[in-house]
Amino acid sequence: MSTDSTPASVLIIGATGYIGGSIVAQLVSTHPGNKYSAIVRNPNDIPKVEALKVEAVEASSKDYVLIQKISSDFDVVINAADADDSDLANAVIAGLEKRAGISAGGQKPIYIHTSGTGVVTDKPSGAWNPETCEKIWNDNNVDDIKSIDAKQPHREVDIAVFHAGDRAIIDTYIVAPSTIYGRGTGPVRRVSQQIPGLIREAIQRKQAVYIAPGTNIWNHVHIRDLARLYQLVFELALSGKNQNKSYANFFWGSVGEHEWKAIVDSLAKLLHKRGLVESDESKGIPLSEAPEALLYTSNNSRTVSERGFNLGWKPREKGVFDTLEEDIDLTLESQ
């Protein structure tokens, strides 16, 4: 398999989603010689996916027996459907390990899994926590990645992927994005979750709100920069030159940092100019009153993508504050 000579067969799970759709658009654009297929649950989405010259395979990512069978037909499977679905990840792994047994002697099948920086979040508080926030998790430090608590979000699935990599039947990689922003480039869903959730909550309340005091910190990454990171990991995997195993094939998708109150402060002003909220000032609310949309922005998560930067990743898109107008537009379009 190679990105340039022998075409690779590539399956994307989650291609109708925000992350997965942007990944497939990036790979089709940069490596058009490969054979791309995508799991599509909704028949109405099939023409949109096929417009990218991607074969649509009508199936549900929850049909684990079928996913295992389908995965066994591909050189590479990229899963961007659900970071917490262990049955899905294990089905993909089983299918690829079966393929490895059939095609012994060639390059190993490849699994690229999507996790998230939620795996290193602390407890919701809305505040900077000196006991946890001094720690910045570095993907180029294997001990950092190994030491993440097994009870953390996403971690159960990540560990299953690491174990598959350790068995050395297939090659495994994990990309863990932080807060993602900006317009997606995929065929169906083009809007993210965390910032649009804040926008919807503000419009509903007529008031932009955050969990007080709002000093908690997350990293962020533009969706197009994130898609380029996946491209680099994809190229590394197909090169056949990577000797790293399991924990050393883990990549944070993180660029800048922000306090959540600062995001909401900016949103308040922008939404007020449009007449969508009654005040141009944000308001802090207690954690006990926080709706679900705000809980995703209530804790701290600090990571550095040193391994990605060493791979040649060079983020170049606008910063998170410079795209908030666009995120408002996207959120309104999606309602």
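Scroll up to find the structure.
To start, this report covers the structure provided alongside it. (Residues numbered from 1 in each chain as written. Predicted model: local features only at pLDDT ≥ 70, side-chain atom pairs only at ≥ 80, totals over all residues. Heavy atoms only, no water.)

Some details on the overall build of the chain
For the chain, the helix and strand inventory stands at 13 helices and 14 strands. Scaling as 2.2 N^0.38, a compact globule of 335 residues should have a C-alpha radius of gyration of about 20 Å, and the chain matches this with 20 Å. Dimensions of the chain, computed from C-alpha atoms along their principal axes, come out at roughly 65 × 45 × 35 Å. Among the 335 residues that make up the chain, the fraction classed as buried is 56%. If you take every contact in the chain between residues at least 6 apart in sequence, the share linking residues at least 24 apart comes to 81%. As displayed, the chain has an accessible area near 14200 Å², and 48% of this comes from carbon and sulfur atoms. One way to put it: in the chain the 35 positive side-chain charges average out to a point 3 Å from where the 43 negative ones average out. (Helix = DSSP H or I, 4+ residues; strand = E, 2+ residues; numbered from the N terminus. Rg over C-alpha atoms; globule rule 2.2 N^0.38 Å. Buried < 20%, exposed > 50% of the residue type's maximum accessible area, 1.4 Å probe, protein only. Contact = heavy atoms within 4.5 Å. Areas by Shrake-Rupley, 256 points an atom, 1.4 Å probe, with all protein chains shown as cover. Lys, Arg positive; Asp, Glu negative; His and termini not counted. Charge placed at Lys NZ, Arg CZ, Asp CG, Glu CD.)

Observations concerning helix 3 (residues 64-71)
Restricting attention to buried positions, one finds in helix 3 the residues Ile67, Ile70 and Ser71. Angular distribution of buried residues about the axis of helix 3 spans 95 degrees; they occupy a single face of the element. Relative to its buried face, helix 3 has exposed residues pointing more than 90 degrees away, namely Val65 and Lys69. Turning to helix 3, the residues buried within the fold contact strand 1 (9-13), strand 2 (35-40), strand 3 (55-58), strand 4 (76-79) and helix 4 (86-102). (Arc of directions from axis to C-beta.)

Describing the pairing of strand 11 (residues 250-253)
The two faces of strand 11 match: Phe250 and Trp252 on one face and Phe251 and Gly253 on the other face are all buried. Alignment of strand 7 (residues 171-177) against strand 11, held across four bridges, turns out to be parallel. Along strand 11, the bridge assignment pairs Pro177 with Gly253. (Pairing = 2+ DSSP bridges.)

Some remarks on the side chain of Asp225
Relative to the assigned elements, Asp225 resides in helix 9 (residues 223-239). A relative accessible area of 2% means that Asp225 is categorised as buried. Excluding anything up to four places from it in sequence, Asp225 contacts Trp313, Pro315, Arg316 and Glu317.

Brief notes about the sheet that holds strand 11
Taken together, the seven strands give an open sheet; going across it, the order is 3-2-1-4-5-7-11, and neighbouring strands pair in parallel fashion. Only two strands of the sheet have a single partner each, and these edge strands are strand 3 and strand 11. The average angle at which neighbouring strand axes cross in this sheet is 20 degrees, direction not considered. Across the sheet, helix 3 lies against strand 1, strand 2, strand 3 and strand 4, angled at about 160 degrees from strand 1, the strand it touches most. (Axes fitted to C-alpha atoms, helices over the stretch in contact; angles between N-to-C directions.)

Quick look at the pattern of salt bridges
Here the structure, examined in full by the defined rule, presents 18 salt bridges. Here Arg228 makes a salt bridge to Asp225, at a shortest N to O gap of 2.8 Å. Of the two residues, Arg228 and Asp225 are both situated in helix 9; the distance of three residues between them amounts to about one turn of the helix. In this structure Arg228 comes out as buried when scored by relative accessible area, which is 15%. Between Lys261 and Asp265 there is a salt bridge, with the nearest N and O atoms lying 2.9 Å from each other. In this pair, Lys261 and Asp265 both sit in helix 10 (residues 260-273), four residues apart, roughly one turn of the helix. (Salt bridge = Lys/Arg side-chain N within 4 Å of Asp/Glu carboxyl O.)

Points about helix 9
Compared with the 24 Å implied by 1.5 Å per residue over 17 residues, the 24 Å span of helix 9 between its first and last C-alpha is a close match. Helix 9 sits mainly inside the fold: 14 of its 17 residues count as buried. Two residues or fewer past helix 9, Gly240 is found with a positive phi of approximately 75 degrees. (Expected span 1.5 Å × (residues − 1).)

Things to note about unusual backbone geometry
Residues apart from glycine generally show negative phi values, whereas peptide bonds are mostly found in trans. Residue Ala212 is joined to Pro213 through a cis peptide bond whose omega torsion reads 5 degrees. Here Pro213 shows up in the loop between strand 9 (209-211) and strand 10 (217-222). One non-glycine residue with positive phi stands out, namely His154, at about 70 degrees. Of note in this structure, Ser246 is not a glycine but carries a positive phi near 35 degrees. Its place among the elements puts Ser246 in the loop between helix 9 and strand 11. The exposure class of Ser246 is buried, given its relative accessible area of 6%.

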